[in-house]
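Listed below, chain by chain, are the residues.
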Amino acid sequence: MSVNDTPRSSRLHIALFGRRNAGKSSIINAVTRQDIAVVSPVKGTTTDPVYKSMELLPLGPVVFIDTAGLDDDGELGELRKKKTLEVLNKTDVALIVIDAACGVTSFDRQIAEIVQSKAIPTLGILNKIDLLETHTEDLDDLVRSSEEKLGFKVVPVSAVDQQGITQLKKALIATVPNEDDKFRIVGDLINPGDLVVLVVPIDKAAPKGRLILPQQQTIRDILESDAIAVVTKEYELRETLENLGKKPRLVITDSQVFLKVAADMPKEIPLTSFSILFARNKGNLEEMVRGARAIDRLQDGDRVLIAESCTHHQQPDDIGKVKIPRWIRQATGRQIEFDFANGMKFPDNVKDYSLIVHCGGCMMNRRQMLWRVEQAVEAGVPIVNYGVAIAHVQGILERAISPFPLASLAWKESLQE
Ligand code: SF4
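So, a few notes on the structure that sits alongside this text. Small disclaimer: the values here were computed from a predicted structure and weren't measured. (Residues numbered from 1 in each chain as written. Predicted model: local features only at pLDDT ≥ 70, side-chain atom pairs only at ≥ 80, totals over all residues. Heavy atoms only, no water.)

**Focus on the sheet that holds strand β2 (residues 50-56)**
Right, so step 1: Ordered by their spatial adjacency, six strands build an open sheet running β2-β3-β1-β4-β5-β6, and the pairing between neighbours is mixed. With partners counted over all chains shown, the strands left at the sheet margins are β2 and β6 (154-156), one partner each. Strand-to-strand twist across the sheet, computed as the mean angle between neighbouring axes with direction ignored, equals 25 degrees.
Right, so step 2: Across three bridges, strand β5 (residues 122-127) lies against β6 in parallel orientation. Opposite I125, over in β6, you have V155 as the bridge partner.
Right, so step 3: Across the sheet, helix α1 (residues 24-32) touches β1 (12-18), β2, β3 (60-66), β4 (93-99) and β5, and the angle it forms with β3 is around 160 degrees.
Right, so step 4: Taken strand by strand, helix α3 (residues 106-117) contacts β1, β4 and β5, and its axis lies near 170 degrees from that of β4. (Pairing = 2+ DSSP bridges. Helix = DSSP H or I, 4+ residues; strand = E, 2+ residues; numbered from the N terminus. Axes fitted to C-alpha atoms, helices over the stretch in contact; angles between N-to-C directions. Contact = heavy atoms within 4.5 Å.)

Now the structure itself:
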């Protein structure tokens, strides 16, 4: 896979915040040694957040997000500020860029406080030190006092003449949390040499000529674990299992064929779905499992929000628009109203719903998905994802989450509520 093929949702999101003209775009260009961000002496050149994907060694694939200045004013300025603050919901590492000539301002402190309140790893950058007429000791004092005011490490740089950029990269690498082992897709469930069977329907809804992203990423994780991935369709599953010669460690299926797959394989082989694996990978499986119980409590007239984080072309038997509403109505026997939200904008009125059913969110990074779950939890609205909801309405949730002890526990607890 080439560098450019790494999906944005799998890239580390590094966002730059600060006042207008603090040099955020110049910092991106200096770190990447490319002219990828528009630089201008005119304040407020960056309006909407700008995303630049690239390979930053040794971190790997990252996306830099250049944001509008937080000191922007007027009606448009307020809109830009709102968009800048929305970026925080997907930021893995925040860089606060400070104009060295002005020092730490109230705007810088304000953004630092917001970032820290969200527990985002943060690094300060004191930019434009080439314009300071100070001695080294004075610069050291300025850095120290900036660190005291902000509460995190600050690196002095000049984006114009590359001063301090090497130190900035080192500090950035040290700031990035190492969560690779914490959030595996499937690698922590299998051992080298294990067989893992993936059930992938190739129907009209499947994209032409390729597997979808969650399937590709799962295969990659299995191969990285030195295990063996066997890919089959639902109609060939029985034959595949008969011909393997060894019991698979796990079967992973597309949620839409859960029932058929469950019926076609022995109960002692662990079974789960891509969607459940990705809910766990994004760090919210237990919440989603608790949300499944809310399906049983739905009443006539309740409103359910179906949320998808992309705007894909609707299929005749679309999973979100058609199948899930039909399955929930059938399982509950209730007259339920469904609303739909597609794309990166999450509705502000989630508290109006009795339940949110969310897609796997493959277009979003973990922070973004967790932020949506947080919005639901804060509003007191249960949230469940497609895979967990489908497993529940088809009566196989317990089996599908049995490989995950914490999720199984959350389910048992929810049954006692
Ligand atoms: S609906 Fe959700 S899971 Fe499906 S492709 Fe779009 S973002 Fe990914």
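**Looking at the nonpolar core**
Within soluble globular proteins, side chains that are nonpolar tend to cluster in buried spots.
Right, so step 1: Core analysis: the biggest nonpolar cluster contains 76 residues, and V186, I324, I356, V357 and V388 have the highest contact counts within it.
Right, so step 2: At six residues, the largest contribution of residues to this core is made by helix α10 (residues 285-296).
Right, so step 3: The residue makeup of this core includes at least three contributed by each of domain 2 (187-275) and domain 3 (285-416).
Right, so step 4: When sequence neighbours within four positions are dropped, the list of residues in contact with I324 reads I306, I319, V357, Y386 and I390.
Right, so step 5: In this structure, I28, L56, V93 and L172 belong to the second largest nonpolar core, which totals 25 residues. (Core = buried A, V, L, I, M, F, W, Y, C linked by side-chain atoms within 4.5 Å. Buried < 20%, exposed > 50% of the residue type's maximum accessible area, 1.4 Å probe, protein only. Domains from an automatic or database assignment.)

The analysis is restricted to geometry; functional conclusions fall outside its scope.
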